[in-house]
2 protein chains.
Amino acid sequence: MGYSCLMALDRDHVLRSAAALLTRKSTATMDEVAKAAGISRATLHRHFAGRDALVRALEALGIAECEAALDRARLDEGSASEAVRRMVREIQPAAGLLAFLYGENQLWEADGDPGWLRLDTRIGAVFVRGQQSGEFRIDLTPVWLTEALYGLIASCAWAMHDGRVAPKDFTHMIAELLLGGALRREES
Amino acid sequence: MGYSCLMALDRDHVLRSAAALLTRKSTATMDEVAKAAGISRATLHRHFAGRDALVRALEALGIAECEAALDRARLDEGSASEAVRRMVREIQPAAGLLAFLYGENQLWEADGDPGWLRLDTRIGAVFVRGQQSGEFRIDLTPVWLTEALYGLIASCAWAMHDGRVAPKDFTHMIAELLLGGALRREES
DNA sequence: CTAATGTGAGACAAGATTGTCTCACATGGG
DNA sequence: CCCATGTGAGACAATCTTGTCTCACATTAG
């Protein structure tokens, strides 16, 4: 019958639409999600058992995209600074989805997807490496830097959505602020 | 009859409780909000016409606390860096409430309280001053720095709530990251 | 052509939340 | 004492969202 490919395409398309809509309106109805995806509510329920399952699928998608981004960023190569810049650049396509998931505090209360722990570990390792090499300061903990990175990604995604930051500046704004801060440097 | 003072105290107490609860569980019911404040749902409705009015009141409270914090921070005095540090320190008591409001994207869609614009202007002015004095780099726009400050405050409030950041480190973690970034400085 | 599959539209009940109401009770002033 | 005011508890209808169901239609393989 060969419909599995079509199903997968539809499912992915639905997830993308849902992510785009829920990023803007996190309280959107299943009906609104369905309309945004161009399908009926019945079909939406055939793909995702309920709203919970949809959010979980979005969570899994966000984790998968982040892990793929970290893979592409080759975090072990070069200096920690360059690794952070590559990481931010590769994460940009998933920024909107991440911003939505970051605001879904419902996910963190009990037992979240272990994928978040894996991501935290991988990202935190970059900051640990930078500290051990003497590249990064040691008074800002890797845990905080990781958390701050998430927050800056969500903030920038929001600012982009409102037109306050240009999409082309995403990487520069986040990476430069996270690495160098607002102060001018004496030596360039 | 002199009940206005008692009413005001009650109203403020209810707002504080609601802020503390909604920061943790943004989907809390009016009944849960009432129970958290130690009053009945009927009394809650006597103070705030509905959930919408409650959120609006929380928004007004957050704006007022932020403006008071900016007043205390004396943003025009000293270097821009020190102004930022004072600003973060004074904002800390309102961080939880701000984190809740920051995630309530419903507030920003149409016409928000003009108080946010006033706050953005006052905070942005600090970054403009730092750039004009040569203290801050100019490739990070004041608008983005303002947005990033909100994001870092929300992130740190969340990390504190989960125990990943100690409350005593709030000012240092945010101000140092925002100002100096993660990179080590050659000259201290 | 025929049948199977996926889909859209809509009906339907169940559940949750909200807003409003009434009533009884406690407290404090006159 | 008597009464006004504020409160808690609960009932109530209205609304919204959800999950499930049925039915008709389109598409496509056999």
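What counts as what
For every chain, the first residue of the written sequence is number 1, and numbering continues from 1 onward in sequence order. For naming, the first written chain is A and the first written ligand is 1, with later ones following in the order written. A pLDDT threshold of at least 70 governs which residues receive local features in this predicted model, and a stricter bar of 80 or more applies before side-chain atom pairs are shown or counted, although totals over entire chains, interfaces and linings include all residues. Calculated side-chain values reflect all of the structure's heavy atoms, with hydrogen atoms and water omitted. We count a stretch as a helix when DSSP gives it H or I for four or more residues in a row; a strand needs E for two or more, and each element gets its number in order from the N terminus. Exposure classes here rest on a 1.4 Å probe applied to the protein chains alone. A residue is buried below 20% of its type maximum, exposed above 50%, and partly exposed in between. Working rule for contacts: check all heavy atoms of both residues, and any pair within 4.5 Å makes them a contact. Buried area is calculated as the accessible area (1.4 Å probe) missing from two parts once they are joined, with the contributions of both summed. Between Lys or Arg on one side and Asp or Glu on the other, a salt bridge is scored when a side-chain nitrogen of the former is within 4 Å of a carboxyl oxygen of the latter. Two N or O atoms count as a polar contact when they lie within 3.5 Å, although within protein this holds only if one can serve as hydrogen donor and the other as acceptor, and sequence-adjacent residues are included solely when both atoms are side-chain atoms. Throughout, near means a residue has at least one heavy atom within 4 Å of the molecule or strand. Charged residues are taken to be Asp, Glu, Lys and Arg, nonpolar residues to be Ala, Val, Leu, Ile, Met, Phe, Trp, Tyr, Cys and Pro, and polar residues to be all remaining types, Gly included. A 1.4 Å probe that fits into a set of points on a 1 Å grid over the protein atoms alone but cannot get out defines a cavity; an open set with protein on both sides within 12 Å along at least five of seven lines defines a pocket, and lining residues are those with an atom within 4 Å of a point. Grid points are joined across faces, edges and corners, and a volume is the space filled by probe spheres set on the points. For the least-squares superposition of copies, only C-alpha atoms count, and only for residues with pLDDT at least 70 in both. Axis lines are fitted through C-alpha atoms, for helices just across the contact stretch, and the angle between N-to-C directions can take any value from 0 to 180 degrees. Our angle categories are set so that under 35 degrees counts as roughly parallel, over 145 as roughly antiparallel, 65 to 115 as roughly perpendicular, and the remainder as oblique. Each crossing is labelled by how the near helix is turned from the far one, with a counterclockwise turn of less than a right angle marking it left-handed and a clockwise turn marking it right-handed. In this description, a nonpolar core means a group of buried Ala, Val, Leu, Ile, Met, Phe, Trp, Tyr and Cys residues linked to one another through side-chain atoms lying within 4.5 Å. In this tally, Asp and Glu contribute negative charge and Lys and Arg positive charge; neither His nor the terminal groups of the chain are included. Each domain's extent is set by a domain assignment, obtained either automatically or from a database.

## Points about the environment of A37(B)
Residue and element names in this part refer to chain B.
Right, on to step 1. Examined against the element boundaries, A37 turns out to sit in helix 2 (residues 30–37).
Right, on to step 2. By relative accessible area, which is 6% here, A37 ends up buried.
Right, on to step 3. For the pair formed by A37 and R16, sequence separation is 21 residues and the distance between their alpha carbons is 8.3 Å.
Right, on to step 4. The contacts of A37, once residues within four sequence positions are left out, are H13, V14 and S17.

## Side note on the interface of chain A and chain B
Right, on to step 1. On the side of chain B, 42 residues touch chain A, which itself brings 42 residues to the contact.
Right, on to step 2. Both sides of the chain A and chain B interface together cover about 4,000 Å² of buried area, and 60% of this is carbon and sulfur.
Right, on to step 3. Three residues, R137(A), W144(A) and L183(A), lead the burial of chain A against chain B; their summed loss comes to 18% of the area buried on that side.
Right, on to step 4. The tally of links from chain A across to chain B stands at four salt bridges.
Right, on to step 5. Close ionic contact of R164(A) with E147(B) constitutes a salt bridge, the shortest N to O distance being 2.8 Å.
Right, on to step 6. Put simply, chain A and chain B have 26 residue pairs in polar contact (both at pLDDT 80 or more) between them.
Right, on to step 7. Elements with a minimum of two residues in the side of chain A that touches chain B: helix 1 (4–24), helix 8 (142–161) and helix 9 (170–180) of chain A.

## Some thoughts on the protein's contact with DNA strand D
Right, on to step 1. Every one of the 15 residues lining DNA strand D counts as a neighbour, but T29(A), M30(A), R41(A), S40(B) and T43(B) are closest to it.
Right, on to step 2. At the protein interface, 56% of the atoms of DNA strand D within 4 Å belong to sugar or phosphate.
Right, on to step 3. R51(A) is positioned such that a nitrogen or oxygen atom in its side chain is 3.3 Å from a phosphate oxygen of DNA strand D.
Right, on to step 4. Side-chain polar atom of T43(B) to a phosphate oxygen of DNA strand D: 2.2 Å apart, as the coordinates give it.
Right, on to step 5. Ranked by residue count, the leading element in the surface near DNA strand D is helix 3 (residues 41–47) of chain B, at four residues.
Right, on to step 6. Here the surface near DNA strand D is built from residues that sort into four nonpolar, six polar and five charged.

## As for the protein's contact with DNA strand C
Right, on to step 1. Surrounding DNA strand C, one finds 15 residues, the nearest of these being T43(A), T29(B), M30(B), R41(B) and H45(B).
Right, on to step 2. In DNA strand C, the atoms that sit within 4 Å of the protein are 54% sugar and phosphate, with bases accounting for the remainder.
Right, on to step 3. The separation between a phosphate oxygen of DNA strand C and a polar side-chain atom of R51(B) is 3.4 Å.
Right, on to step 4. Mapped by element, the contributors of at least two residues to the surface near DNA strand C are helix 3 (41–47) of chain A together with helix 3 of chain B.
Right, on to step 5. Among the elements that take part in the surface near DNA strand C, helix 3 of chain A stands out by supplying four residues, more than any other.
Right, on to step 6. In the surface near DNA strand C, the residues fall into four nonpolar, six polar and five charged.

## Some remarks on empty space enclosed by the protein
Residue and element names in this part refer to chain B.
Right, on to step 1. Tallied over the full model, the rule gives one cavity of 30 Å³ or more.
Right, on to step 2. By volume, the largest cavity amounts to about 50 Å³.
Right, on to step 3. At three residues, helix 8 (residues 142–161) tops the list of elements feeding residues into the lining of the largest cavity.
Right, on to step 4. Each residue belonging to the lining of the largest cavity can be placed in one class, and the counts come to three nonpolar, two polar and one charged.

## Some details on the relation of the copies chain A and chain B
Right, on to step 1. For the match of chain A to chain B, the screw axis carries a shift of 0.0 Å, the RMSD comes to 0.1 Å, and the turn is 180°. The two molecules are tied by a two-fold rotation axis, judged by turn and shift. If distances are taken from each C-alpha of chain A to the rotation axis, the shortest is found for G181(A), at 1.9 Å.

## Let's talk about the packing of helix 9 of chain A against helix 9 (residues 170–180) of chain B
Right, on to step 1. Two numbers describe how helix 9 of chain A lies on helix 9 of chain B: the axes approach to 5 Å, and their chain directions differ by 115°. Between helix 9 of chain A and helix 9 of chain B, the angle is such that the two are roughly perpendicular. By crossing handedness, the relation of helix 9 of chain A to helix 9 of chain B is classed as right-handed. Between helix 9 of chain A and helix 9 of chain B, the residues in contact are L177(A), L178(A), L179(A) and G180(A) and L177(B), L178(B), L179(B) and G180(B), respectively.

## Observations regarding the nonpolar core
Right, on to step 1. Counting residues in each nonpolar core, the largest one holds 127 residues, and the members touching the most others are L58(A), W144(A), L58(B) and W144(B).
Right, on to step 2. In this structure, W144(A) is in contact with L152(B), S155(B), C156(B), V165(B), M173(B), I174(B) and L177(B), ignoring residues within four places of it in sequence.

## Let's talk about the side chain of E135(B)
Right, on to step 1. Within the secondary structure layout, E135(B) lies in the loop between helix 7 (114–132) and helix 8.
Right, on to step 2. Here E135(B) is buried and forms no salt bridge, its nearest opposite-charge partner R129(B) lying at an N-O distance of 5.9 Å.
Right, on to step 3. With sequence-adjacent residues up to four places away left out, E135(B) is seen in contact with A182(A), L183(A), R184(A), S79(B), A80(B), S81(B) and G130(B).

## Things to note about the domain arrangement of chain A
Residues and elements named next belong to chain A.
Right, on to step 1. Split by domain assignment, chain A resolves into domain 1 (1–48) and domain 2 (57–180).
Right, on to step 2. One C-alpha centre belongs to domain 1, the other to domain 2, and the line joining them spans 26 Å.
Right, on to step 3. Contacts between the two partners involve 10 residues from domain 1, matched on the other side by eight residues from domain 2.
Right, on to step 4. Summed over both sides, the interface of domain 1 with domain 2 buries roughly 810 Å², with 72% coming from carbon and sulfur.
Right, on to step 5. Connecting domain 1 to domain 2 are one salt bridge.
Right, on to step 6. Where domain 1 touches domain 2, the interface holds two residue pairs in polar contact (both at pLDDT 80 or more).
Right, on to step 7. Across the side of domain 1 that touches domain 2, the residue classes break down as five nonpolar, two polar and three charged.

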